[in-house]
Amino acid sequence: MDGRQKDKPIMQTSRPTPYSLLVTHFARLLIPLLLLSACTLPTIPATMTATPVVDPFEQNQQLGRGINLGNTLEAPREGEWGLTIRDEYFPIIAKAGFDSVRIPIRWNAHAQMEPPYTIDSSFFARVDHVVAKALDAGLLVVINIHHYEEIMIDPPAHRERMLALWDQIASHYQDAPPEVIFEVLNEPNNRLTAGHWNELLAAAIEVIRVTNPTRNVMVGPANWYNVNWLADLELPEDEHIIVSVHYYDPFRFTHQGAEWVPGSDPWLGSTWTGEGGQTEAVERDLSLAASWGERNNRPINLGEFGAYSKADMASRVLWTHHVARTAEELGMSWAYWEFASGFGAYDPVAKQWRAELLGALIPE
Ligand code: BGC
């Protein structure tokens, strides 16, 4: 256990925007398709499903280089952690050369505590809007359940609620294009041990499959998506799965001075030069994930990696570059943690990329 503690300080309140452009996006994809099939096919086959099937290995390649919209919809209320998603972020991200975004979402803070655990419709509308804007910019979108802290403390007490969340999210997005990928639960930890997690992830995927028979779904190992815990990950016999891991090692370097990690102040000043076995350690760790993927015939995504802004920029750039390139060499897609907050590659006040970090992620 690395003992990561994820609660963040509250800064300001949020303002959900209740309009959705998702329908427009589907219509834009669907109308040409219908026109085309009307011209070329005598009838539309009765078996045609709304969502085309995309091979998970192929989709993992398409996910390519991604970035997390961290600290936005994962906050108890959007804006409380200092960042609200703006529509223009998506074209900015796409233009910089990214292929995908991962949007961490705290659904559990926007749903009833008692059955039927209904998700607030204005929150759904806000997520619809954000997803539509990402798709409009040509980005693939991963949406997940993020910061469901209560289930980490008491998994049996929250099992039914978590499955009810997926039932609603999956039905709501069942007609979304395949570029929308579901991720079951960010970083299971604490009492949500591998045994509980293997059972829960299978149950969640079963719920998702009722309305989304072939959409690619992401899952990661217990203990914070740690590569060493892949050995304990058991997956159902389901072809449409992408396996995700997170990487923050050396933790004392990437999380120095992190307010949500107690005891991390003495780590301030830790550097990363790549010397003394540091580059090899990254390669060894990520190779564990790649070889697990090969053995188990699953595509691998590196869904989070990043070094906090309290580390020195030169070290952050070197580490970020090395992790991203290693992941690429091993055939993984990746998503940097994160866009415009404490690890941010983009400065939302100056409205510009931090050139060194962007260059480490997406070299010329
Ligand atoms: C958490 C964030 C945290 C990041 C780095 C993510 O999984 O959701 O709150 O900042 O990890 O620790």
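Structure's up top.
Heads up: these notes are all about the structure in this document. If you're wondering where the values come from, they're calculated on a predicted model, not measured in any experiment.

## Overview of the packing of helix α6 (residues 155–172) against helix α7 (residues 194–211)
Argument step 1. For the pair α6 and α7, interaxial distance at closest approach is 8 Å and the crossing angle is 25 degrees. Here α6 lies roughly parallel to α7, going by the angle between them. Between α6 and α7 lies a crossing whose hand is right-handed. Residues Pro-155, Pro-156, Arg-159, Met-162, Leu-163, Trp-166, Asp-167, Ala-170 and Ser-171 of α6 form the contact with α7, whose participating residues are His-196, Glu-199, Leu-200, Ala-203, Ala-204, Val-207, Ile-208 and Thr-211.

## Here we look at the side chain of His-246
Argument step 1. Relative to the helices and strands, His-246 resides in strand β6 (residues 241–247).
Argument step 2. Polar side-chain contacts of His-246 include one of 2.7 Å to the side chain of Glu-187.

## Points about the nonpolar core
Argument step 1. Residues Trp-107 and Val-184 are the most contacted members of the largest nonpolar core, which totals 99 residues.
Argument step 2. With nine residues, the top contributor of residues to this core is α7.
Argument step 3. Leu-63, Val-142, Ile-181 and Ile-242 belong to the second largest nonpolar core, which has six residues in total.

## Overview of the packing of aromatic side chains
Argument step 1. Tallied over the full model, the rule gives 21 aromatic pairs.
Argument step 2. Judged by centre distance (6.3 Å) and plane angle (65 degrees), the rings of Phe-253 and Trp-319 are edge-to-face. Pair noted here: Phe-253 is in helix α9 (residues 251–254) and Trp-319 is in helix α11 (residues 313–329), with a separation of 66 residues, a long-range link. One exposure class covers both Phe-253 and Trp-319, and it is buried.
Argument step 3. Ring pairs connect the aromatic residues Tyr-89, Phe-98, Tyr-247, Phe-253, Phe-305, Trp-319, Trp-334, Tyr-336, Phe-339, Tyr-346 and Trp-353, which therefore count as one cluster.
Argument step 4. In this arrangement the basic side chain of Arg-215 is found over the ring face of Phe-182, its NZ or CZ atom lying 5.0 Å from the centre.

About the thresholds
- Residues numbered from 1 in each chain as written.
- Predicted model: local features only at pLDDT ≥ 70, side-chain atom pairs only at ≥ 80, totals over all residues.
- Heavy atoms only, no water.
- Axes fitted to C-alpha atoms, helices over the stretch in contact; angles between N-to-C directions.
- Helix = DSSP H or I, 4+ residues; strand = E, 2+ residues; numbered from the N terminus.
- Parallel < 35°, antiparallel > 145°, perpendicular 65-115°, else oblique.
- Left-handed = near helix turned anticlockwise from the far one by under 90°.
- Contact = heavy atoms within 4.5 Å.
- Polar contact = N/O pair within 3.5 Å; in protein donor to acceptor, adjacent residues only side chain to side chain.
- Core = buried A, V, L, I, M, F, W, Y, C linked by side-chain atoms within 4.5 Å.
- Buried < 20%, exposed > 50% of the residue type's maximum accessible area, 1.4 Å probe, protein only.
- Phe/Tyr/Trp six-rings, centres within 6.5 Å; stacked < 30°, edge-to-face > 60°.
- Lys NZ or Arg CZ within 6 Å of the ring centre and 35° of its normal.

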